Amino acid sequence: MKVEQLFTGCLAEMAYYIESNGEAAVIDPLRETEPYLRMAEADNAKIKYVFLTHFHADFVSGQYDLAQKTGAKIIFGPNATAEYDIYNGKDGEEFPLGEGKITLLHTPGHTMESSSYLITDGEGNTPYVCTGDCLFIGDVGRPDLAVKQGKLTEKDLAGFLFDSLRNKIMTLPDDIIVYPNHGAGSACGKNMSSETFDTLGNQKKTNYALRADMTKEEFIEEVTTGLKPPPQYFPNNVRMNKTINTSIEDILHKGTTPLDAATFKELSEQKDILVVDTRSKELYAEEGTVPGAWYIGIDGNFAPWVGALIKDINQKIIFIADSENRVNEIVTRFSRVGYDNTMGYLEGGMSNWKSHGFDVDMIGSISAHLFAEKLAKGEMEKPVDVRKESEYLSEHVVGVENFPLDFIHDNFSEIDPEKEYFLHCASGYRSLIAASIFKANGVEKVTDVRGGFKDLKETEAKMTDYVCPTTLL
């Protein structure tokens, strides 16, 4: 039996392709179906099932389109309802696949339909369990996303999660490989490992949530403490995952339209259209950008930041790319988090824009060493650290305020457009995003600190004492 983990770094998401004797299954597919179709074709296999561990909040999954193209049956756990045909598997129900089988284990807690899938090969061995958002490596799924006012609290869900782990997952063999749906960088948990799989036995030793002597009350307290509000796009993605959406082919057809510079300029000046500059940090800083554009670089955590920062899931978007070779990728990654209204890209890029003599916005730039010198001399008006609060509290430059990018829109009333701001993050990606939003919202004097906190630690800047981030949860 072939089992392949398909890791998507931008989303810190893992899908799974399983094949045995000409029959295949996919667990938690992304929206683009082509990779799974190619894998099945290479194996001369038919995709028989599309399994979902739950209705995902952090990305739009591709079960409907994949089922339409293959005739596969869409399987959810108990309690799931959708606008398309699904099959609600029962706890313990077995689904034959070639010479093996996949068994549904209902593991509610992250959501009420949440299920894990135990994989059994032709010899009767159970080498893998796909745990979805029930169990991560080093963490467990957050229990606050499926709260129902007056009916279900996060403590209720945490209690269900405790029972699921103890009664369904921890009873499995210690040498079984745990295959989760997410890793470090996902907002579906608090402190996930960067590892993408582990043995259950090792997780019992190292994962705080699987401590053998932990009571249910202690578990509930641990998993509900330190939860930050989820990104604002999460409810929209859940809704989309329960409905039939525009096909990825139609989204790509519209979104990859080349726009000449004059047309791009005309569209960029319309209030209902957002320009997103997706180029590298270096090109963005060196060449400048279209006035009013937001910077969200395609080579960083692009999709999660799109979802966290662009409030309207139906926002009309035009974009700037490093090259035309990346246009399809950019539109695909917008759509992974439900931003389907991309209208096209700037043909010829910024060189074409400049050749027409159109205005260019520039973000100021300063080295970490010069920043440290100016700060020590008291020559900085508004030095700001845009990292997460936990990163800031763990260690930061003395005299620098925290203004997390995650909540930039909620807190923007604190910003004085007449002041001069110097922004840094960990390495320079988030600070450029924040700087571009500052600029687009009328703050003219905004400067990025190159290299961010990483480079600042190599300067004479005074730092606070280090505190382990895990103690701040």
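Since the model is a prediction, treat every value here as computed from it, not as a measurement. (Residues numbered from 1 in each chain as written. Predicted model: local features only at pLDDT ≥ 70, side-chain atom pairs only at ≥ 80, totals over all residues. Heavy atoms only, no water.)

Draft legend 1. Quick peek at the layout of surface pockets. Of the voids in this model, the second largest pocket is the one considered here, and its volume is about 440 Å³. As for the second largest pocket, its lining consists of 22 residues, of which Thr-111, Leu-145, Ala-146, Val-238 and Lys-242 are closest to the centre. Residue composition of the lining of the second largest pocket, grouped by class: 12 nonpolar, six polar and four charged. (1 Å grid on protein atoms, 1.4 Å probe; cavity = no way out; pocket = protein on both sides within 12 Å on 5 of 7 lines; lining within 4 Å. Points joined across faces, edges and corners; volume = space filled by probe spheres on them. Nonpolar A, V, L, I, M, F, W, Y, C, P; charged D, E, K, R; others polar.)

Draft legend 2. Just the environment of Ala-15, in detail. Within the fold, Ala-15 resides in strand S2 (residues 13-20). Along the primary structure Ala-15 and His-182 are separated by 167 residues, whereas in three dimensions their C-alpha atoms are 9.0 Å apart. Setting aside anything within four residues of it in sequence, one finds Ala-15 in contact with Glu-4, Gln-5, Leu-6, Ile-27, Asp-28, Pro-29 and Tyr-36. (Helix = DSSP H or I, 4+ residues; strand = E, 2+ residues; numbered from the N terminus. Contact = heavy atoms within 4.5 Å.)

Draft legend 3. Spotlight on the nonpolar core. Membership of the largest hydrophobic core comes to 79 residues, with the highest contact counts inside it found for Phe-302, Phe-334, Tyr-339, Ile-408, Ile-433 and Phe-438. Top element by residues in this core is helix H15 (residues 429-440). It accounts for seven residues. In this view, Ile-433 contacts Tyr-295, Ile-296, Trp-305, Leu-309 and Leu-405; residues no more than four positions away in its chain are not counted. Core analysis: the second largest hydrophobic core is formed by 23 residues, Phe-162, Leu-210, Phe-219 and Ile-220 among them. (Core = buried A, V, L, I, M, F, W, Y, C linked by side-chain atoms within 4.5 Å. Buried < 20%, exposed > 50% of the residue type's maximum accessible area, 1.4 Å probe, protein only.)

Draft legend 4. Up close: the sheet that holds strand S7 (residues 94-97). In space, the six strands of this open sheet follow the order S7-S8-S9-S10-S11-S12, with mixed pairing throughout. Pairing within the sheet leaves two strands with one partner each, and these edge strands are S7 and strand S12 (198-199). Relative to strand S9 (residues 115-120), strand S8 (residues 100-106) is paired through six bridges, and the arrangement is antiparallel. Residue His-106 lies in a different strand from S9, and its bridge partner there is Ser-115. (Pairing = 2+ DSSP bridges.)

Draft legend 5. Molecular detail of the pattern of salt bridges. One pass over the structure, following the stated rule, counts 33 salt bridges. Here Asp-213 makes a salt bridge to Arg-211, at a shortest N to O gap of 2.8 Å. Residue class for Arg-211 comes out partly exposed when judged on its relative accessible area of 32%. Each of Asp-299, Asp-322, Arg-326, Glu-329 and Arg-333 takes part in a single network of salt bridges with overlapping partners. (Salt bridge = Lys/Arg side-chain N within 4 Å of Asp/Glu carboxyl O.)

Draft legend 6. Quick look at the state of the cysteines. Under the definition given, this model contains zero disulfides. No disulfide involves Cys-425; its nearest neighbouring cysteine sulfur is the one of Cys-10, lying 16 Å away. (Disulfide = S-S within 2.5 Å.)

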